[in-house]
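Commentary on secondary and tertiary structure
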Amino acid sequence: MLYFLHLLKDDFIFLNVFKYITFRSFGAGLTSFILCVLLGKKLIDLLKAAQFQETIRKEGPSSHGAKAGTPTMGGIFIVMAIMISSLLWTNFLVDKVMLVLLFTASFAILGFFDDFMKVRRGKGIRARVKFLCQTLIAVTFVVILCINESGSFSMSMRAGESAVYSSTSVVFPFIKQAVVDLGYLYIFFALLVTVGSSNAVNLTDGLDGLAIGSIAIVTTTYIIFAYLAGNLQFASYLQIPHVQGAGEIAIFLAAVGGACLGFLWYNSHPAEVFMGDVGSLSLGAAIGFSALMIKQEMLLIVAGGIFFVETLSVIIQVISFRSTGKRVFRMTPLHHHFELAGWAESKVVVRFWIICVVLSIVALSSLKIR
């Protein structure tokens, strides 16, 4: 909305600043942060009054018993902050912006119903039903994205060459001109990225500040990639796909990052509120769909390595126990394994954040290593 103020620059020259992506990205991040901090306390009180409280799993670490009664569904004000800030600072006429906002909102609604059922009935949406809903939402939006981006694009190279890719192409980081067109198989790949990312963040959300802090770090990495992808000169020099409208996605991601920091204000140990599925499912979906739109899907394995490993630990544990009757880890997801190994919760969280920062640096290094 504020973007259109630059049209009045002839009368008020200072309004021209609203044209710049960098300025609006900072504005979006700051706005969502402030909204989260200001709305947080009031919404936490409302959640307490409505008795939307977390139920602690009996099979979890015994130390988590003290968390019982902590308000959940705090993801509501995360999503509210993201939506308000994005609509305020982006050029929402760009179709990519509306797609990612609607996609994020769809997963937030699904997460809300799952949380609401857990609180009121003790059981959330059945896993199969929830997965089916996620899949249907993802398929719908991926198909729309592919149709909107139909046709071939070029990834400019320094020597004047170009690597041709389409809306169904996948670009591999660290390898020069490594572009694979998956055709119709791209839909299945996109499902793996979006639904997988959503559920991976959900699995990681088990310790105070762990998931939300990690998302903030990963988001920062993708803000940089989105900004560079939206600039033809930078994309050409760095040999990454140039995607029209990607700059606006950088602003959306800045809003996500700001909201994460604002929520961390209340979610840091000891947490005053948990974000619940309404937050974790939507945030994971937002990151995954943003990766699709700027053609950096494979990079999510590196930048979001923490989420990938957390999910992998669960898969390994299940396969091992079902096939041999033995467990590889003390408990999964992986953060619980380290808790039971004697690490304090805050130490697990901070060390995972450190790993997340290192992985993000590695992901950023792919800009030069090709």
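All figures in this text were calculated on a predicted structure; none of them were measured in a lab. (Residues numbered from 1 in each chain as written. Predicted model: local features only at pLDDT ≥ 70, side-chain atom pairs only at ≥ 80, totals over all residues. Heavy atoms only, no water.)

1. Structural notes on the overall build of the protein
- A count of helical and extended segments in the protein gives 13 helices and 4 strands.
- Taking 2.2 N^0.38 as the reference for a compact globule, 370 residues should give roughly 21 Å; the C-alpha atoms of the protein span a radius of gyration of 21 Å, in line with that estimate.
- C-alpha extents for the protein along the principal axes are approximately 60 × 55 × 35 Å.
- A buried classification covers 52% of the 370 residues belonging to the protein.
- Sequence separation of 24 or more characterises 72% of the internal contacts of the protein that already satisfy a separation of 6 or more.
- Here the protein displays about 16,900 Å² of accessible surface, and carbon together with sulfur accounts for 68% of that area.
- Of the side chains in the protein, 28 bear a positive and 20 a negative charge, and the two mean positions are spaced by 7 Å. (Helix = DSSP H or I, 4+ residues; strand = E, 2+ residues; numbered from the N terminus. Rg over C-alpha atoms; globule rule 2.2 N^0.38 Å. Buried < 20%, exposed > 50% of the residue type's maximum accessible area, 1.4 Å probe, protein only. Contact = heavy atoms within 4.5 Å. Areas by Shrake-Rupley, 256 points an atom, 1.4 Å probe, with all protein chains shown as cover. Lys, Arg positive; Asp, Glu negative; His and termini not counted. Charge placed at Lys NZ, Arg CZ, Asp CG, Glu CD.)

2. Looking at unusual backbone geometry
- At the junction of His 269 and Pro 270, the peptide bond is cis and its omega measures out at -5° in the coordinates.
- Within the fold, Pro 270 resides in the loop between helix H8 (246-267) and helix H9 (276-293).
- Here the residue pair Thr 332 and Pro 333 is connected by a cis peptide bond, since its omega of 0° sits within 30 degrees of zero.
- Tracing the backbone shows Pro 333 in the loop between helix H11 (305-324) and helix H12 (334-340).
- You will see that Met 73, though not glycine, has its phi angle at about 70°, which is positive.
- By secondary structure assignment, the location of Met 73 is in the loop between helix H1 (21-49) and helix H2 (75-89).

3. Here's the deal with the packing of helix H6 (residues 210-229) against helix H13 (residues 345-365)
- Where H6 meets H13, the closest approach of the two axes is 9 Å, and the angle between their N-to-C directions is 15°. One finds that H6 runs roughly parallel with respect to H13. Crossing handedness for the pair H6 and H13: right-handed. The residues of H13 that touch H6, namely those facing Leu 210, Gly 213, Ser 214, Ile 217, Val 218, Thr 221, Ile 224 and Phe 225, are Val 349, Phe 352, Trp 353, Cys 356, Val 357, Ser 360, Ala 363 and Leu 364.
- Its residues placed into classes, the contact of H6 with H13 shows 12 nonpolar, 4 polar and no charged. (Axes fitted to C-alpha atoms, helices over the stretch in contact; angles between N-to-C directions. Parallel < 35°, antiparallel > 145°, perpendicular 65-115°, else oblique. Left-handed = near helix turned anticlockwise from the far one by under 90°. Nonpolar A, V, L, I, M, F, W, Y, C, P; charged D, E, K, R; others polar.)

4. Some remarks on H2
- The end-to-end C-alpha distance of H2, which contains 15 residues, comes to 21 Å, matching closely the 21 Å that a straight helix rising 1.5 Å per residue would cover.
- Regarding H2, the residues found buried are Gly 75, Phe 77, Ile 78, Val 79, Ala 81, Ile 82, Met 83, Ser 85, Ser 86 and Trp 89.
- The elements touched by buried residues of H2 are H1, helix H3 (95-121), H6, H8 and H9. (Expected span 1.5 Å × (residues − 1).)

5. Focus on the packing of aromatic side chains
- Here the structure, examined in full by the defined rule, presents 17 aromatic pairs.
- Judged by centre distance (5.5 Å) and plane angle (50°), the rings of Phe 77 and Phe 263 are tilted. With a gap of 186 residues between them, Phe 77 in helix H2 and Phe 263 in helix H8 connect regions that are remote in the sequence.
- Here the aromatic rings of Phe 338 and Phe 352 are separated by 6.0 Å at their centres, their planes lie at 80°, and the arrangement is edge-to-face. You can see Phe 338 sitting in helix H12 and its partner Phe 352 sitting in helix H13, a full 14 residues away along the chain.
- Looking at Phe 352, the relative accessible area reads 5%, which means it is buried.
- Here the basic side chain of Arg 351 rests over the ring of Trp 343, its NZ or CZ set 4.6 Å away from the ring centre. (Phe/Tyr/Trp six-rings, centres within 6.5 Å; stacked < 30°, edge-to-face > 60°. Lys NZ or Arg CZ within 6 Å of the ring centre and 35° of its normal.)

6. A few points about the confidence of the model for the protein
- Scored by pLDDT, the protein comes out at a mean of 90, with 93% of its residues at no less than 70.
- A low-confidence stretch, residues 156-160 stays under pLDDT 50, and its non-local contacts, those more than four residues away or across chains, total 14 contacts. (pLDDT = per-residue confidence, 0-100.)

7. Points about helix H4 (residues 127-148)
- The terminal C-alpha atoms of H4, which comprises 22 residues, lie 32 Å apart, in line with the 32 Å expected from a rise of 1.5 Å per residue.
- All buried positions along H4 are accounted for by Lys 130, Gln 134, Thr 135, Ile 137, Ala 138, Phe 141, Val 142, Leu 145 and Cys 146.
- Among the structural elements, H3, helix H5 (185-204) and H9 are those in contact with the buried residues of H4.

8. Re the side chain of Thr 194
- Looking at the element boundaries, Thr 194 is found in helix H5.
- A polar side-chain atom of Thr 194 sits 2.8 Å from the main-chain carbonyl oxygen of Ala 190.
- Apart from the residues lying within four places of it in its own chain, the contact partners of Thr 194 are Phe 103, Ala 138, Ala 285, Gly 288, Phe 289 and Leu 292. (Polar contact = N/O pair within 3.5 Å; in protein donor to acceptor, adjacent residues only side chain to side chain.)

9. Focus: the pattern of salt bridges
- Per the counting criterion, the structure on display carries 7 salt bridges.
- Across the salt bridge formed by Asp 114 and Lys 130, the nearest N and O atoms sit 3.0 Å from each other. Pair noted here: Asp 114 is in helix H3 and Lys 130 is in helix H4, with a separation of 16 residues, a long-range link.
- With a shortest N-O distance of 3.4 Å, Lys 295 and Glu 297 are connected by a salt bridge. (Salt bridge = Lys/Arg side-chain N within 4 Å of Asp/Glu carboxyl O.)

10. Quick notes on the state of the cysteines
- Applying the stated criterion across every chain, the model contains 0 disulfides.
- Here Cys 36 is not disulfide-linked; the sulfur of Cys 260 is the nearest cysteine sulfur, at 8.2 Å.
- Looking at Cys 36, the relative accessible area reads 0%, which means it is buried. (Disulfide = S-S within 2.5 Å.)

11. Side note on the environment of Ile 354
- Note on placement: Ile 354 falls in helix H13.
- Separated by 137 residues in sequence, Ile 354 and Ile 217 have C-alpha atoms that sit 9.7 Å apart.

12. Re a nonpolar patch on the surface
- Taken together, the side chains of Ile 301, Phe 308, Val 309, Leu 312, Ile 315, Ile 316, Ile 319 and Val 328 present a nonpolar region at the surface, about 660 Å² in accessible area.
- Mapped onto the elements of the fold, Val 328 is located in the loop between H11 and H12.
- Residue Val 328 is classed as partly exposed on the basis of its relative accessible area of 47%. (Patch = residues over 30% accessible without salt bridge, like charges linked within 9 Å, V, L, I, M, F, W, Y side chains within 5 Å.)

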